[in-house]
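These are the residues of each chain, in order.
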Amino acid sequence: NAGVTQTPKFQVLKTGQSMTLQCAQDMNHNSMYWYRQDPGMGLRLIYYSASEGTTDKGEVPNGYNVSRLNKREFSLRLESAAPSQTSVYFCASRPGTYTPESSYEQYFGPGTRLTVT
Amino acid sequence: LAKTTQPISMDSYEGQEVNITCSHNNIATNDYITWYQQFPSQGPRFIIQGYKTKVTNEVASLFIPADRKSSTLSLPRVSLSDTAVYYCLVGDRGRDDKIIFGKGTRLHILP
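The rules behind each value
Residues numbered from 1 in each chain as written. Chains lettered and ligands numbered in written order. Predicted model: local features only at pLDDT ≥ 70, side-chain atom pairs only at ≥ 80, totals over all residues. Heavy atoms only, no water. Phe/Tyr/Trp six-rings, centres within 6.5 Å; stacked < 30°, edge-to-face > 60°. Helix = DSSP H or I, 4+ residues; strand = E, 2+ residues; numbered from the N terminus. Buried < 20%, exposed > 50% of the residue type's maximum accessible area, 1.4 Å probe, protein only. Lys NZ or Arg CZ within 6 Å of the ring centre and 35° of its normal. Pairing = 2+ DSSP bridges. Axes fitted to C-alpha atoms, helices over the stretch in contact; angles between N-to-C directions.

According to the stated counting rule, one finds twelve aromatic pairs over all chains in the structure shown. Note on Y35 of chain A and F108 of chain A: the rings are 5.8 Å apart at their centroids and 35° apart in plane angle, and the pair reads as tilted. Within this pair, whereas Y35 of chain A is found in strand β4 (residues 31-37), its partner F108 of chain A is found in strand β10 (residues 107-108), the two being separated by 73 residues in sequence. Overall, F108 of chain A belongs to the buried group, its relative accessible area being 14%. Residues F108 of chain A and F101 of chain B carry aromatic rings whose centres are separated by 5.9 Å and whose planes lie at 80° to one another, so their mutual orientation is edge-to-face. Taken together, the positions of F108 of chain A in strand β10 and F101 of chain B in the loop between β8 (84-91) and β9 (105-110) put the pair across two chains. You'll find F108 of chain A and F101 of chain B in the same group, each marked buried. In textbook terms, an aromatic cluster arises when at least three aromatic residues are bridged by ring pairs, as seen for Y33, Y35, Y48, F90 and F108 of chain A together with Y36, F46, Y87 and F101 of chain B. Positioned above the aromatic ring of Y51 of chain B is the side chain of R68 of chain B, whose terminal nitrogen or guanidinium carbon lies 4.0 Å from the ring centre.

Shown next, in the form of structure tokens:
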């Protein structure tokens with residue numbers, strides 16, 4: 001049981017390049033999340049997916065797109081990277097709402113450290 | 001999701017009990033209070049959740065007064081390894097999918 005996994009762990013991009021951050025969970029959770037964390041700051045929600053087939057904007061969605069590929073996987077895409085997107089990106093999952101296990105307990109991945117030059 | 005207010009930072013010494021208070025004046029009837037801990041270079045980790053009165057686990061205690069407008073996370077006999085950021089979240093765990101973290105409280109434990 002690996003929990004939440006993220007790839008890659010580190011990435012350096014040039015301004016204007018694109019890339020996709022991958023996230024997968026093996027806990028059969030309904031809800032998945034993408035957060036970013038800038039140095040010394042709190043987490044900010046980019047996008048979330050309450051269930052397979054649905055995605056919604058969070059606090060800072062501009063410059064990002066997401067895909068909930070299936071129940072396990074939730075990817076985050078940067079179409080044209082900018083230096084302001086330099087950050088650590090965390091993926092998280094939780095059982096979801098309207099389930100017997102409803103809880104605010106999210107399980108986080110190890111993060112992807114992205115630098116855009 | 002109810003708005004929360006917590007101190008930006010706190011210092012304490014090893015061996016002491018640390019109490020971090022979170023204010024949530026507009027908490028709703030179905031809202032639960034949840035605390036996370038985040039160590040440097042790691043994702044946040046759930047530590048405790050409660051609805052009213054007191055909840056205790058092996059890591060911390062959570063005290064919630066009758067009016068539920070605030071809550072206090074209590075860490076007994078802290079060590080250097082408790083240096084972390086602590087986040088307080090308030091929301092309806094059965095309905096709220098949009099989970100937003102605030103800035104948290106940076107706890108620095110001194111030797």
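Structure's up, so let's keep going.
This part is about the sheet that holds strand β5 (residues 53-56) of chain B. All names here are of chain B. The four strands are arranged β2-β7-β6-β5 in an open sheet whose pairing can be described as antiparallel. With partners counted over all chains shown, the strands left at the sheet margins are β2 (18-23) and β5, one partner each. Mean inter-strand twist for the sheet, computed between neighbouring axes without regard to direction, equals 15°. Relative to strand β7 (residues 70-75), β2 runs antiparallel, the two sharing six bridges. Of the residues in β7, the one forming a bridge with T21 is T72.

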